[in-house]
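As a plain string of letters, each chain reads:
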Amino acid sequence: MARRGLISLFVIFLLAAEILAHEKTYNVVDFGAKGDGYTDDTQAFVNAWSWICHNSTRPSALLIPAEKTFLLDRIVFRGPCNYAIHLKVDGNLKRINEIWKDKFNSWLLFIRISVLNIYGSGELDGQGTDWWSCKMKNQCPFEAAHNLELLSCTYVQIWGLKLINSPMMHIAVGQSKNVYIGGITISSPSDSPNTDGVHIQKSQHVMVTDSVIGTGDDCVSMSDGAVDVSVSNVTCGPGHGISIGSLGIAGTVATASDIYVSNCTFSQTTNGVRIKTWQGGSGFARNISFVNIKMNEVHYPIIIDQYYCPHKSCSYKTAAVQVSDVKYLDVAGSSTSKLAITLNCSQTVPCTGITMDNVNLWSANQGQQVQSNCINAKGSAGNKISPAVPCLTTY
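Note on numbering: residues in each chain are counted from 1, in written sequence order. Given that the model is predicted, a residue must reach a pLDDT of at least 70 before its local features are reported, and side-chain atom pairs must reach 80 or more before they are shown or counted; all residues, however, enter totals for whole chains, interfaces and linings. To obtain the side-chain values, all non-hydrogen atoms of the structure were used and water was disregarded.

Time to look at the pairing of strand β7 (residues 92-95). Exposed residues in this analysis have more than 50% of their type's maximum accessible area, buried residues have under 20%, and partly exposed residues fall in between, with area computed by a 1.4 Å probe over protein chains only. Numbering of helices and strands runs from the N terminus; a helix is a DSSP stretch of H or I covering at least four residues, while a strand is a stretch of E covering at least two. Residues L93 and R95 line the buried face of β7, whereas the alternating positions N92 and K94 sit on a face that is not buried. Strand pairing follows a simple DSSP-based rule, namely that at least 2 bridges must link the two strands. Taken together, the four bridges between strand β4 (residues 69-72) and β7 define a ladder with parallel strand orientation. By the bridge assignment for β7, T69 is matched with N92. For β7 and strand β10 (residues 123-125), the ladder comprises two bridges, and the chain directions are parallel. Bridge pairing links K94 to D125 in β10.

This paragraph deals with the nonpolar core. Formed by 100 residues in total, the largest nonpolar core has its most connected members in F110 and Y328. Discounting chain neighbours no more than four positions away, the residues touching F110 are W49, F77, L87, L116, I118, L148, E149, L150, L151 and C153. The nonpolar core is taken to be a set of buried Ala, Val, Leu, Ile, Met, Phe, Trp, Tyr and Cys residues, with the residues joined through side-chain atoms within 4.5 Å. Residue contacts are counted whenever heavy atoms from the two residues lie within 4.5 Å of one another.

Before going further, it helps to examine the packing of aromatic side chains. Classification of ring pairs rests on two measures: the distance between centres of Phe, Tyr or Trp rings, Trp counted by its six-membered ring, which must be within 6.5 Å, and the angle between planes, read as stacked under 30 degrees, edge-to-face over 60 and tilted in between. Counted according to the given criterion, the structure contains nine aromatic pairs. A centroid spacing of 4.9 Å and a plane angle of 15° characterise the contact between Y119 and W159, whose relative ring orientation is stacked. Of the two residues, Y119 is situated in strand β9 (residues 114-119) and W159 in strand β12 (residues 154-159); the sequence distance between them amounts to 40 residues. By relative accessible area, W159 is classed as partly exposed at 35%.

None of this, on its own, says anything about what the molecule does.
Now the structure itself:
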């Protein structure tokens, strides 16, 4: 992660310590929440947040007590707030199990808040089964909701929580800066659609670390506007791996840069580390590193795809998002497909600056060999590259 990002995260920890030293604690039960798992506690949470956000005279903490389950409809935790806030989630939160008939993209939305710490041993259950079913049948009135979303927030920590069965993405970070997500567990079935673990878009200086994520989609995804993002010590599986993209859908301009993925393990995922862009888009994905990556029975361990098309067919277009300065260092493990490395780059906007060193991938199937596929990619290969990648120059 860039030095500026590390400094920003250090500021987050200092601000969190400042809250702990001076905060006043409130309990959501004192605002009328029952926590019996049957009563709708939404209004009690709204009242509690309104008080500590808009009426407090010093940093505050809102306690969601352990050994209780709070049933909640969608809530907007709106700022700006008078002071910094701790949200201590030791009890469990469960979404009211219904399919919303109007467009509302989040169950728990935190918007325009500066200095926020969401932590605890509690569980956030999105109860997404009905959403997944209607999604797969193309019968949903709108896109499903994210479990937890940050929008236009700064200096945020999320740590220690367990998030399960989100209708869509479990944590979405949008238009935010200086966000630390660590020590979390995310879980949803491998066939649940669009249930990314952590999704980062139009945000800067974001760290995801020390977490276990298993979903029906990407464990971590970074799309347009993701800048200075670090993903480290993440165990991924099941899911679609860690992805940058998709970028450039419907001819749009999209950018992602300064992304560092390190010390991550993938087990029985569809993909490992992936960059995906649509034909016809523009912009760039650059300065990206994948370092010390372990693969365990991953179907496609390394992918760059500038012809991304999740549909049956897509029309050919010459414009493309430029992919450059991508490093794969110390990547090892097994592939369940013959194609362990795919660099499928544009004829008109080739991938450049691709670097591989100490990349060793083998077949998970005894007696089989793995291969690489390399089209319109330029760069260099160092020591111990297996399978060989012929379009990269050996140095």
